[in-house]
Structure formats: C-alpha cells, structure tokens
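Analysis of the macromolecular model
What follows is each chain in one-letter form.
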Amino acid sequence: MSISLHQAVKVGSYIFRQKMKGKKRFPLVLMLEPLFRCNLECAGCGKIQYPEEILNKRLTPEQCFQAADECGAPVVTIAGGEPLIHNEIGEIVQGLVDRKRFVYLCTNAILLEKYLDRIKPSTYLTLSVHLDGLKEEHDHLVCRNGIFDVAVRAIQTAKKKGFRVTTNTTVFEGEDPSRLHKFFDFVTELGVDGMMISPGYSYAWAPDQEHFLRKERTRELFRKLFAPMKEKTNPKRWNFNHSPFYLEFLEGARDYDCTPWGNPNYSVLGWQKPCYLLNDGYAESFSELMNGTDWDKYGHKSGNPRCQDCMVHCGFEPTAVQDATSSIKNTLRSVQSLLPAG
C-alpha cells in the first residue's frame with residue numbers, strides 16, 4: 001500500500017468540506033522549509049545558492065505551527081535544505097503530528113539514523129528519503145560518493161524501528177529507463193511504503209540547467225518508465241505514493257493544468273509566490289498569498305513561458321487529487337489503487 005487509507009479518507013473529507021463551503025481555491029499540502037542550509041550541494045538544487053545570511057536563518061517551532069494553523073492543509077511536507085540540521089526539528093515534527101497533520105519529513109538521510117531516537121513512529125508521520133536512482137546515479141546527482149549506501153542503511157534502520165518510509169526521486173533528462181526499473185525493484189525489495197517520483201524542473205538558481213526535462217520528453221520518458229506495470233504477463237507491482245491520475249498525467253494520458261495554490265510554500269523568507277519553483281516575491285501571510293496573487297498568470301493555460309514545461313507534482317498532484325474526487329467512478333478507482341496488489 002502506498003498512500004495510507006487513513007490519509008486518503010482524511011484528505012478526501014477535507015476536500016469535500018471545502019467544496020461544500022463553496023471554496024474554489026484551497027491548499028492540500030503545506031510545503032514547509034524551516035531552513036535552506038544543507039549538508040549536500042546537489043547540482044539540481046536551487047536552495048543552496050542563497051547567500052550566507054539567508055542560509056543561516058531558521059524558522060522557530062512556533063512559526064511552523066502558526067503557518068500550519070493558518071494554512072489549514074491536512075498534509076505538511078517538511079523540506080529545505082536538510083531539515084535534520086535544524087536543532088528543533090524533533091519538536092516541529094511532534095507539534096505537527098499532535099495537530100493531526102500528515103507529516104512527510106524529507107531528508108537525504110545523512111543524519112537520519114542519529115535522529116530516529118528523537119522522533120516517534122506515528123500513523124501521521126512518513127520519512128521521505130531522497131534517492132535519485134541506484135548507487136552510481138544517486139551519488140553522481142548529489143555530488144558526493146557513498147551517500148546512497150548511507151541512505152539505504154538509514155531506510156533499513158527506520159523500517160526496523162517501525163517508521164513509515166517512502167523514497168523521493170527526481171527524474172532528469174538523459175536517464176536510462178532500464179536503470180530506473182532496476183532502481184524501482186531495489187527500493188521495492190527494501191520494503192518501503194511507497195515511492196514518490198517527479199520530473200526535474202528548472203530552478204533558475206540551480207547550477208546544472210542542462211538536464212531538466214521538457215514536457216514532451218517528460219511524457220516519452222514516463223511512458224517507458226511505467227511500461228512494465230502494464231505488461232500482460234507478470235506486470236510490475238511498484239507502489240508509487242501518488243494518485244493514479246497524476247501518473248497518467250506524467251505519461252500524457254491526461255491533460256491537467258497546474259493548481260499552484262494546492263501546495264503553498266512557507267520558508268524563512270515567508271509565503272512564496274506563486275509556488276516553490278518560481279520566485280515572484282513573498283507574502284507575509286497565507287491570506288495575502290491567496291488573495292494577493294494573480295493566479296491566472298500561472299500554469300500551462302496562462303501562456304507563461306516559465307510554466308510550459310513544468311509537470312512537477314507540487315502543481316499537478318493537487319489537480320489530480322481533486323480529479324479523483326470529481327466523480328464516484330474516479331473516487332472508486334482511487335480507493336482501489338490504495339489496496340494491496342493481489
């Protein structure tokens with residue numbers, strides 16, 4: 001099972017309540033970045049390029065809780081930077097879990113084994129470990145040898161201690177589908193609770209701009225990536241921590257526009273307009289972000305050239321999730337996707 005049935009029911013109920021209130025725009029996931037500092041310098045990252053005075057900033061636990069309460073999204077993804085560098089990350093995680101938020105703690109896993117005794121397993125907590133492929137590919141993309149082995153060992157330890165663990169993979173231009181198939185098999189054998197996957201999108205500040213995917217290339221690559229799951233004999237049973245509709249969108253089988261307000265981003269700089277990939281300024285409050293942003297300027301249909309090749313989960317997963325609740329047929333199919341393959 002990928003997304004837990006508990007989470008799916010809670011999120012579905014939340015969406016239903018928002019629609020009953022007549023709301024057209026509402027958040028699903030708060031993307032919380034309590035710091036930008038990291039202990040890696042990945043070529044595809046746009047956060048590590050900030051000046052030292054920004055990298056030294058930290059959100060307090062109280063600021064994190066206020067953002068979660070103000071936003072109201074049922075899911076909180078804690079990213080960065082590397083969250084485990086934050087001295088108060090344990091308090092932040094526990095405080096959000098106590099608020100019954102489904103927390104995804106994203107980490108490169110370098111410090112994870114040391115921190116497992118500072119946090120408690122919970123149905124509301126998932127450890128999301130960054131793995132961008134098998135050993136050769138992952139260590140190359142994070143620009144440091146040996147990190148793959150560290151991450152794998154941390155996953156194994158976390159699972160033994162009873163934590164829910166998923167992996168988080170970004171797919172870049174030029175990747176070999178057969179190697180990623182082997183990676184999916186390897187991660188499945190590790191016993192993770194799901195795999196998250198997204199095409200790489202160009203951060204303006206990322207050092208490596210050459211290997212970000214364009215839209216048609218994204219669709220072509222993901223059709224090849226998911227092909228083994230559709231074979232008539234012995235299809236692969238890979239568990240992806242996504243709506244089945246988002247996976248079909250990646251292949252080009254569905255045509256969605258972006259829901260940029262679905263995954264609002266709050267960081268040491270404030271509420272980022274309009275999403276964490278584009279930087280068109282910051283709002284001081286969630287209300288200002290929602291009411292003071294011209295949302296018609298973003299997404300494929302807007303004609304904004306910066307949005308035309310983007311198919312990243314933060315913008316399109318919310319669209320897919322809302323599609324999953326748009327009809328009884330879609331809802332039943334979504335629920336079916338949560339059941340163990342048999």
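Located above this text is the structure these notes cover.
A quick note: this is a predicted structure, and the numbers were derived from the prediction, not measured.

For the rest of this paragraph, the subject is the overall build of the protein. Assigned secondary structure in the protein consists of 13 helices and nine strands. Taken along the three principal axes of its C-alpha coordinates, the protein extends 55 × 45 × 40 Å. Per-residue burial for the protein yields a buried fraction of 56% across its 342 residues. For the protein, the share of sequence-separated contacts (at least 6 apart) that also reach a separation of at least 24 residues comes to 73%. Summing over all exposed atoms, the protein offers an accessible surface of approximately 15,400 Å²; the carbon and sulfur share of this is 51%. Seen as two clouds, the 43 positive and the 41 negative side-chain charges of the protein have centres 6 Å apart.

Turning next to the nonpolar core. Note on soluble globular proteins: their nonpolar side chains tend to be buried together. Residues Leu30, Leu32, Ile78, Leu96, Leu105, Leu127 and Trp271 are the most contacted members of the largest nonpolar core, which totals 97 residues. A per-element tally of this core places helix H7 (residues 147-160) first, with six residues. Among all residues touching Leu105, those that are not within four sequence positions of it are Ile78, Pro83, Leu84, Ile89, Val93, Ile119, Leu125, Thr126, Leu127 and Ser128.

A cluster of nonpolar side chains, namely Leu5, Val9 and Val335, defines an oily patch on the protein surface of about 230 Å² accessible area. Within the secondary structure layout, Val335 lies in helix H13 (residues 328-338). On the basis of relative accessibility, which here comes to 37%, the residue Val335 falls in the partly exposed class.

Before going further, it helps to examine a positive patch on the surface. Together, Lys10, Arg17, Lys21, Lys23 and Lys100 make up a positively charged patch on the protein surface. Note on placement: Lys10 falls in helix H1 (residues 5-20). The class of Lys10 is partly exposed, set by a relative accessible area of 41%.

Summed over all chains, the structure comprises 18 salt bridges. Note that Glu220 is salt-bridged to Arg217, the shortest N-O span being 3.1 Å. Within this pair, Glu220 and its partner Arg217 are both found in helix H9 (residues 215-226), separated by three residues, close to a single helical turn. A cluster of three or more residues bridged by salt bridges with shared partners is formed by Glu248, Arg254, Asp323 and Arg333.

Moving on, we come to the environment of Phe183. In this structure, Phe183 sits in helix H8 (residues 177-190). In sequence terms Phe183 and Val335 are 152 residues apart; their C-alpha atoms lie 26 Å from each other. Ignoring any residue separated from it by four or fewer positions in sequence, one finds Phe183 in contact with Leu131, Gly133, Leu134 and Thr169.

What follows is about the sheet that holds strand S9 (residues 279-283). The nine strands are arranged S6-S5-S4-S3-S2-S1-S7-S8-S9 in an open sheet whose pairing can be described as mixed. Each having just a single partner strand, strand S6 (195-199) and S9 make up the two edges of the open sheet. Across the sheet, the mean angle from the axis of one strand to that of its neighbour is 25°, orientation sign disregarded. Bridge analysis of strand S4 (residues 125-130) against strand S5 (residues 164-171) gives five bridges, and the strand direction is parallel. Bridge assignment links His130 to a residue of S5, and that residue is Asn168. Sitting on the sheet, H9 touches S5 and S6, and the angle it makes with S6 is about 150°.

Okay, H7 next. Spacing of three or four residues puts side chains on the same side of an α-helix, whose turn is 3.6 residues. With 14 residues, H7 ought to run about 20 Å at 1.5 Å a step, and its terminal C-alpha atoms sit 20 Å apart, in line with that. Those residues of H7 that fall on the buried side of the exposure criterion are Ile147, Phe148, Val150, Ala151, Val152, Ala154, Ile155, Thr157 and Ala158. Buried residues along H7 sit against helix H5 (112-115), S4, helix H6 (135-141), S5 and H8. Just downstream of H7 lies Gly162, where phi reads positive at about 95°.

Thresholds, definitions, all that
Residues numbered from 1 in each chain as written. Predicted model: local features only at pLDDT ≥ 70, side-chain atom pairs only at ≥ 80, totals over all residues. Heavy atoms only, no water. Helix = DSSP H or I, 4+ residues; strand = E, 2+ residues; numbered from the N terminus. Buried < 20%, exposed > 50% of the residue type's maximum accessible area, 1.4 Å probe, protein only. Contact = heavy atoms within 4.5 Å. Areas by Shrake-Rupley, 256 points an atom, 1.4 Å probe, with all protein chains shown as cover. Lys, Arg positive; Asp, Glu negative; His and termini not counted. Charge placed at Lys NZ, Arg CZ, Asp CG, Glu CD. Core = buried A, V, L, I, M, F, W, Y, C linked by side-chain atoms within 4.5 Å. Patch = residues over 30% accessible without salt bridge, like charges linked within 9 Å, V, L, I, M, F, W, Y side chains within 5 Å. Salt bridge = Lys/Arg side-chain N within 4 Å of Asp/Glu carboxyl O. Pairing = 2+ DSSP bridges. Axes fitted to C-alpha atoms, helices over the stretch in contact; angles between N-to-C directions. Expected span 1.5 Å × (residues − 1).

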